[in-house]
Amino acid sequence: MAILPIVMHPDSILEKECEQVTAFDKKLKKLLNNMYDTMIEADGVGLAAPQVGVDLQVAIVDIGDETGTIELINPEIIETSGTQTDLEGCLSFPGLYGEVTRPSSIKVRTYNRKGKTKEFQAKDFLARAIQHEIDHLHGILFTSKIDKYITEEELEGYEVE
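Residues numbered from 1 in each chain as written. Predicted model: local features only at pLDDT ≥ 70, side-chain atom pairs only at ≥ 80, totals over all residues. Heavy atoms only, no water.

- Looking up the chain in an unreviewed UniProt entry gives the name Peptide deformylase, with the organism given as Rossellomorea oryzaecorticis.
- A UniProt comment under Catalytic activity (unreviewed entry) is attached to the chain, and it reads "N-terminal N-formyl-L-methionyl-[peptide] + H2O = N-terminal L-methionyl-[peptide] + formate".
- Turning to the chain, the UniProt annotation filed under Sequence similarities (unreviewed entry) states: "Belongs to the polypeptide deformylase family." (UniProt positions renumbered as here; feature names shortened; annotations may be inferred.)

### Considerations on the UniProt feature "active site" (unreviewed entry) in the chain
Then, number 1: Per the UniProt record, "active site" (unreviewed entry) is annotated on Glu133.
Then, number 2: Relative to the assigned elements, Glu133 resides in helix α2 (residues 124-137).
Then, number 3: Using a relative accessible area of 5% as the deciding quantity, one classes Glu133 as buried.
Then, number 4: Excluding residues that lie within four positions of it along the chain, Glu133 makes contacts with Gly46, Leu47, Ala48, Gln51, Ala59, Ile60 and Val61.
Then, number 5: Within the local environment of Glu133, its side chain forms a polar contact with the backbone nitrogen of Ala48, the two atoms lying 3.2 Å apart. (Helix = DSSP H or I, 4+ residues; strand = E, 2+ residues; numbered from the N terminus. Buried < 20%, exposed > 50% of the residue type's maximum accessible area, 1.4 Å probe, protein only. Contact = heavy atoms within 4.5 Å. Polar contact = N/O pair within 3.5 Å; in protein donor to acceptor, adjacent residues only side chain to side chain.)

### Side note on the environment of Thr80
Then, number 1: Topologically, Thr80 is positioned in strand β3 (residues 70-81).
Then, number 2: Residues Thr80 and Arg102, spaced 22 residues apart in sequence, show a C-alpha to C-alpha distance of 9.3 Å.

### A short note on the pairing of β3
Then, number 1: As judged from the 4 bridges shared by strand β2 (residues 58-61) and β3, these two strands associate in the antiparallel manner. Considered in β3, the bridge of Val61 is made with Ile70.
Then, number 2: In this structure, β3 lies alongside strand β6 (residues 105-111), joined through 6 bridges in antiparallel fashion. Within the sheet, the bridge partner assigned to Glu76 lies in β6 and is Arg109. (Pairing = 2+ DSSP bridges.)

### Quick word on the side chain of Asp135
Then, number 1: Within the fold, Asp135 resides in helix α2.
Then, number 2: The contact partners of Asp135, leaving out residues within four places of it in the chain, are Arg102, Ile140 and Lys145.

### Digging into the pairing of strand β5 (residues 97-102)
Then, number 1: Alignment of strand β4 (residues 84-89) against β5, held across 6 bridges, turns out to be antiparallel. Of the residues in β5, the one forming a bridge with Leu87 is Glu99.
Then, number 2: Relative to strand β8 (residues 146-150), β5 is paired through 4 bridges, and the arrangement is antiparallel. Its bridge partner being in β8, Glu99 is matched across the sheet by Lys148.

### Details of a positive patch on the surface
Then, number 1: A cluster of like positive charges, contributed by Lys26, Lys29, Lys114 and Lys116, occupies part of the molecular surface.
Then, number 2: Within the secondary structure layout, Lys114 lies in the loop between β6 and β7 (117-123).
Then, number 3: Overall, Lys114 belongs to the exposed group, its relative accessible area being 70%. (Patch = residues over 30% accessible without salt bridge, like charges linked within 9 Å, V, L, I, M, F, W, Y side chains within 5 Å. Areas by Shrake-Rupley, 256 points an atom, 1.4 Å probe, with all protein chains shown as cover. Salt bridge = Lys/Arg side-chain N within 4 Å of Asp/Glu carboxyl O. Lys, Arg positive; Asp, Glu negative; His and termini not counted. Charge placed at Lys NZ, Arg CZ, Asp CG, Glu CD.)

### Focus on the pattern of salt bridges
When the charged atoms of two side chains lie near each other, side chains of opposite charge can form a pair.
Then, number 1: If you walk through the whole model with that rule in mind, you get 9 salt bridges.
Then, number 2: Residues Glu119 and Arg109 are paired through a salt bridge, measuring 2.9 Å at the closest nitrogen-oxygen approach. In this pair, Glu119 is assigned in strand β7 and Arg109 in strand β6, connecting sequence segments 10 residues apart.
Then, number 3: Residue classification places Glu119 among the partly exposed residues on the basis of a relative accessible area of 41%.
Then, number 4: Residue Asp135 pairs with Lys145 through a salt bridge whose shortest N-O separation is 3.0 Å.

Shown next, in the form of structure tokens:
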């Protein structure tokens with residue numbers, strides 16, 4: 001597999017509504033595999049296609065728990081509940097961190113790499129990571145949702161108040 005270059009802000013692809021996936025083919029499978037390798041190499045927990053310069057509604061999330069890798073293709077959040085505020089960063093904004101408030105529980109409808117629809121629930125950190133990546137697919141950057149910026153020096157002892 002290949003490690004893809006990560007697009008950095010202010011590249012315009014990061015702020016555009018991405019195209020829906022219509023072909024569930026070998027090209028899509030290769031993109032998902034390369035995105036996974038790129039995310040792992042960059043020490044991330046999620047990566048969206050526009051972050052590697054691809055205008056498609058494709059993202060992956062892997063927070064390193066028993067859930068494993070979640071592939072999101074044309075995903076939509078169909079239910080939300082609760083709120084949580086926590087730290088977020090982004091591979092397209094190295095060294096930038098901030099507190100973001102998001103729903104704490106979500107229900108997602110998405111497709112798998114074979115074009116089959118699936119629905120699942122996610123909570124807490126997993127829900128946060130999925131929402132961050134889905135936002136990327138609609139040109140929404142986490143910087144537009146930051147309540148409070150956190151410096152790299154503040155990160156060391158960081159806890160939400």
